[in-house]
Every structure is written in structure tokens, then in C-alpha cells.
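Observations on chain architecture
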Amino acid sequence: MTNVLNKELRVLPLAFLLVEAGFIILFLITQSPLIAIAGLIGLIGLPFIVSSPGNQFALLLLYISVLTAPNWGQRYHALKYHVDWKLIALGMLFIALMIFIRNLYENNWSIKLHFLDKIIALFCLYAVVNGLWGYAQYGTLTRIIVELYYILLYGAYFITRILLTNDPAWRRKILLAIVSGTVIASLIYIYLTLTNLDITSILINRLTTQQPHLAQVVLPLLFAVILFGTQKQTKLLSIAAIIPIFLMVIFSQQRGLWIGVTFAIFVLLFLYFFRTGFVLSKFIKFIIGVVLTLAIILLFLIIAQKYFNLQFLITVFARVETLGDIGGDTSWQVRFTEVRAALKNWEQNMVFGSGLGATYTQLYAERGNTALDNSYAFVLWKLGLAGLAMFISIYITFAVQGLRVYWKTDSYHEKMLIASCLAGIGGMLLIGITNMSIIGYRFNIIWAILIALVHDIYIRHFGSGNV
């Protein structure tokens, strides 16, 4: 026994020297201590990461959440590292390959296809065929590959389904990765806001990145933990996480996000108070809960305005007021004009659309002509009525299955998860009217994960995945 301990103790100095040598080598190569530390952690953790497709998936979720896209982040000097869509694509392919290899040897990394699985698979396959047709028409391979890449990120649904089928514990691990990434992203966003804008004009000028959209699905999850949870420690951690994420939402000045988050919270409250059925006393509690939520938000804004001299209320009311006069709002006019231009092309082939890679006549010099600030109009324009029908069917099936299993399950943990996913995705579908968030963002991975989480619970209760 003593000899074994002596051998282990002799190994420790050697391991320490190897780690230190690795750090020095990386520092000399990169000239950056942060990169050297990150690289060293990556090397040490490499066996842990490579050994599990789930660990690789969690790492990918952190990568897409924490870092900004280059077209958004390069305008801020503090952000030197950005998400590379090619790395995301390679990461997804690598994870899929690892799952395939594991299944060859272990034969338990597969799933039985149900109704929702088939719809999503059909939608992805249709997008590939549509992309080939678009290439035959326009010959713009790079643009088609990028557009197809975002759509195929919905393939994360199948990775999640397989992980959950193999080990249900991945439900918590995946959610932890999403929440952790969002909290870190919100802290970075707040830091950028405070370093790039004057403290008194934070809500006059705004900092633009895609990260605030993560709050749309993470805030309902954290609120659900507070409502449905039983552990005080977990509730306190959720409250601590809500604060920076909520600040990110406010600082973002995105009206669509404000509406989406508000809608999600109301849906969450409704599902919570009527979790066992409709009763008048619960309806009264629901109304009280809505009023209290609005009062807490208003109190937060008043305190921030008084003690930090931030013109929250003025800006919030000004931004919301524009929703009542859409015809007079410049941004809405620009979006509607571009949608009309794109849909004129769509009218030439309404069933199958104009094809991936299609463009419309450029109307504004500072804006492109390959995308639209409306996810549904984009799908209709590029993929036609056939593509839009499949796309909407995914979310309708998700909502129906979620509601069915919500009132069937007796597990508070499952109710919490289903309610937060329904509320978060519901708000995200509203936001999709104002931008490409549900079809043209890398966060399609996360939307697909939430759909898979609910579907996994559904088939565990109903056995069949058919609606």
C-alpha cells in the first residue's frame, strides 16, 4: 500500500511540470495568457470531451451562447473572438459521427422515429432539395450553403433525442449548459453596454448582438424553477441568474423581445395556476400573479431610474408607443417593404418558393437583399407553401404534445420543464415576426433542443409520438 502511494506521489510533480511546460509553450506561441490558459484547459479536458458525445454537445452549446457572431461583435473592440459558423457545422457533424460510431459498438444510441421526428426530418430533407434547386437557378453556392446550414441546425433535435434516450440525466446537463451560457453572455453584454455607452444614455443608444434572444427561453425556465421548484437553494440561484439576464433584455431595447418575454411569463403563470385544472380561485390567483409581476417590473425600472439616472421609463414608453403606430415607424416600414418585394418573387412559384439563394431587388443601400426581418415570410419566400406548412407543423405538434402531457404528468419537474418550454418557444414564435430568430440564427440548435425535451417526455407518457 505504501509503495502504491509513493508511486502516485512521484507522479504528481511530473504531472505539474508537464502542465506548466504546456502553459509556457502555449503562451510563447499565442503571446496571450488567456488563450494559453484556455488552451491548456482544453488539452487537459480533451479526454473527458472526446469520450462523450453529450459532453461535446454541451461544449458546443456554451460556444454558441457565450461568443457573438462576427457581423455583430466586430463593431465592439472588447470582443476579439467570435463564433465561426463553420466550426459549429463541423461540431455538429463530429457529434453525429461519434454517436454513429458509438451505436455501431454499443447498439443503444438510436431512436424509434415518431410523428414529430418525421416532420423535422422531412423539413430538413426538403430544404436540401430546395437548395439544389436554388443552385440550379442562381448558381450562388456559398449563400445557399449558409442558408441551408441554419435550417439544418434543427438537426440538434435528433442529437438531443438520442442523448435522452440513452441517458435521461442529459436533460438536466443540457439545460445547465444553456442557462450557464446565457448567464455568461448576459454578463458580457452588460459589460459591453457599460464600456461602450455612457451611463446616462444606455437606453438612448443600444448595443446590438443576437445574445438577448437567449433570454426568451431561459427567463421562463428560471421563473418556472421559482414557481414549481421545491429547493430553496435552487430558487435563490435562479433569482441570481435572472437579474443579469433581465438587465440584458432591458438594455437590448428590442421591442419584439420585450413582448415575447412578457407573453412567456403570462403563459407560464397561466400554466402554473391551472396545472391541475380550471378553478375560479386559481383564476383569481392568476390575475393577482400577473398584476404582481407587472408591479415588480415597474418597481425595478423606477429604482434603476432614480438611483442610476437611467431613463428606463422614458425609453420603454417611447419604444412601446411605436407599436401603436406601426405605419409611422421607420423600422416597420423598411421591413414591410422588403417583405413585399420578396413575396413578389414568391408569387412566381407559390408552392415551392423561389428557392434557397434567391434575392430581391435591393431597396436600401445599407441593407442586404438575401434575408428578411420576418422568419415566416423568409420561409414562405424561399421554401414556398410546402416548406412553410412543414415548418409550422413542427411547432404546432410541439405545442399540442406539450399541452397534452403537461396535464397528464404528476411530476412537478416535468411540469416545470414543459411549461417553461411552451412559454419560451411561444414568445420566440412572436419574435419571429420581427426577425430571423427562429430560422436564421445559430440558436436554432437551442429551439430544437427544447422541442426534443418536450417530445421525450411526451413519448415516455404516451408511448407513441403520434399526436
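Residues numbered from 1 in each chain as written. Predicted model: local features only at pLDDT ≥ 70, side-chain atom pairs only at ≥ 80, totals over all residues. Heavy atoms only, no water.

Helix and strand counts for the protein chain stand at 18 helices and zero strands. Counting all 467 residues of the protein chain, 48% fall into the buried class. Across the protein chain, every contact between residues at least 6 apart in sequence was considered, and the portion connecting residues at least 24 apart equals 74%. When the accessible surface of the protein chain is summed, it comes to about 23,000 Å², and 70% of that surface belongs to carbon and sulfur atoms. (Helix = DSSP H or I, 4+ residues; strand = E, 2+ residues; numbered from the N terminus. Buried < 20%, exposed > 50% of the residue type's maximum accessible area, 1.4 Å probe, protein only. Contact = heavy atoms within 4.5 Å. Areas by Shrake-Rupley, 256 points an atom, 1.4 Å probe, with all protein chains shown as cover.)

Next up on the list: the side chain of Thr-160. Residue position: Thr-160 is located in helix H8 (residues 156-166). Within polar-contact distance, the side chain of Thr-160 engages the backbone oxygen of Ala-156 at 2.8 Å. Residues contacting Thr-160, with those up to four places away along its chain left out, are Phe-57, Ile-174, Ile-449, Ala-452 and Leu-453. (Polar contact = N/O pair within 3.5 Å; in protein donor to acceptor, adjacent residues only side chain to side chain.)

With that out of the way, let us pick up the packing of helix H10 (residues 215-228) against helix H11 (residues 232-252). Viewed as axis vectors pointing N to C, H10 and H11 meet at an angle of 150°, and their least axial separation amounts to 9 Å. With respect to H11, the axis of H10 lies roughly antiparallel. Here H10 and H11 pass one another in a crossing that is left-handed. Seen from H10, the contacting residues are Ala-215, Val-218, Leu-219, Leu-222, Phe-223, Val-225 and Ile-226; seen from H11, they are Thr-234, Lys-235, Ser-238, Ile-239, Ala-241, Ile-242, Ile-245, Phe-246, Met-248 and Val-249. (Axes fitted to C-alpha atoms, helices over the stretch in contact; angles between N-to-C directions. Parallel < 35°, antiparallel > 145°, perpendicular 65-115°, else oblique. Left-handed = near helix turned anticlockwise from the far one by under 90°.)

In total, this model carries 15 aromatic pairs according to the counting rule given. Seen from their ring centres, Phe-391 and Tyr-395 are 5.6 Å apart, and the 75° between their planes marks the pair as edge-to-face. Remark: Tyr-395 and Phe-391 occur in helix H16 (residues 375-406); sequence separation between them is four residues, near one turn of the helix. Given the relative accessible area of 1%, Phe-391 is considered buried. Overall, Tyr-395 belongs to the buried group, its relative accessible area being 6%. Put simply, the rings of Phe-123, Tyr-154, Phe-391 and Tyr-395 pair up and form one aromatic cluster. A cation sits over an aromatic face here: Lys-173 above Trp-170, 4.5 Å from the ring centre. Geometry around Tyr-406 places Lys-415 over its ring, the cationic atom sitting 4.5 Å from the centre. (Phe/Tyr/Trp six-rings, centres within 6.5 Å; stacked < 30°, edge-to-face > 60°. Lys NZ or Arg CZ within 6 Å of the ring centre and 35° of its normal.)

Before going further, it helps to spend a moment on helix H17 (residues 412-431). The end-to-end C-alpha distance of H17, which contains 20 residues, comes to 28 Å, matching closely the 28 Å that a straight helix rising 1.5 Å per residue would cover. Among the 20 residues of H17, 16 are classified as buried, and the element is accordingly described as predominantly covered. Where H17 begins, the side chain of Ser-411 points an oxygen toward the backbone nitrogen of His-413, at a separation of 3.3 Å. (Expected span 1.5 Å × (residues − 1).)

Another aspect to go through is the nonpolar core. Counting residues in each nonpolar core, the largest one holds 119 residues, and the members touching the most others are Phe-57, Ile-88, Ile-445 and Trp-447. The element that contributes the greatest number of residues to this core is H16, accounting for 14 residues. Those residues within four positions of Ile-445 in sequence are excluded, and the remaining contacts are Phe-57, Leu-60, Leu-61, Ile-64, Ile-88, Met-92, Leu-153 and Ala-156. (Core = buried A, V, L, I, M, F, W, Y, C linked by side-chain atoms within 4.5 Å.)

For the rest of this paragraph, the subject is the environment of Glu-106. By the element assignment, Glu-106 lies in helix H5 (residues 85-106). Among the polar contacts listed, one links the side chain of Glu-106 to the side chain of Arg-102, at a separation of 2.6 Å. In terms of polar contacts, Glu-106 uses its side chain to reach the side chain of Trp-109, at 2.8 Å.

Before going further, it helps to examine the confidence of the model for the protein chain. Residues with a pLDDT of 70 or more make up 74% of the protein chain, whose mean pLDDT is 81. A low-confidence stretch, residues 316-321 stays under pLDDT 50, and its non-local contacts, those more than four residues away or across chains, total seven contacts. (pLDDT = per-residue confidence, 0-100.)

Here Gly-181 lies in helix H9 (residues 170-196). Gly-181 sits in the buried class, given a relative accessible area of 0%. Setting aside residues up to four positions removed in sequence, Gly-181 forms contacts with Leu-62, Ser-65 and Val-66.

Turning next to the environment of Lys-80. Mapped onto the elements of the fold, Lys-80 is located in the loop between helix H4 (70-73) and H5. For Lys-80, a relative accessible area of 66% puts it in the exposed group. Linking Lys-80 and Leu-67, residues 13 residues apart in sequence, is a C-alpha distance of 9.6 Å.

Together, Leu-97, Phe-100, Ile-101, Leu-104 and Tyr-105 make up an exposed nonpolar region whose accessible area comes to about 580 Å². The topology assignment puts Phe-100 in helix H5. (Patch = residues over 30% accessible without salt bridge, like charges linked within 9 Å, V, L, I, M, F, W, Y side chains within 5 Å. Salt bridge = Lys/Arg side-chain N within 4 Å of Asp/Glu carboxyl O.)

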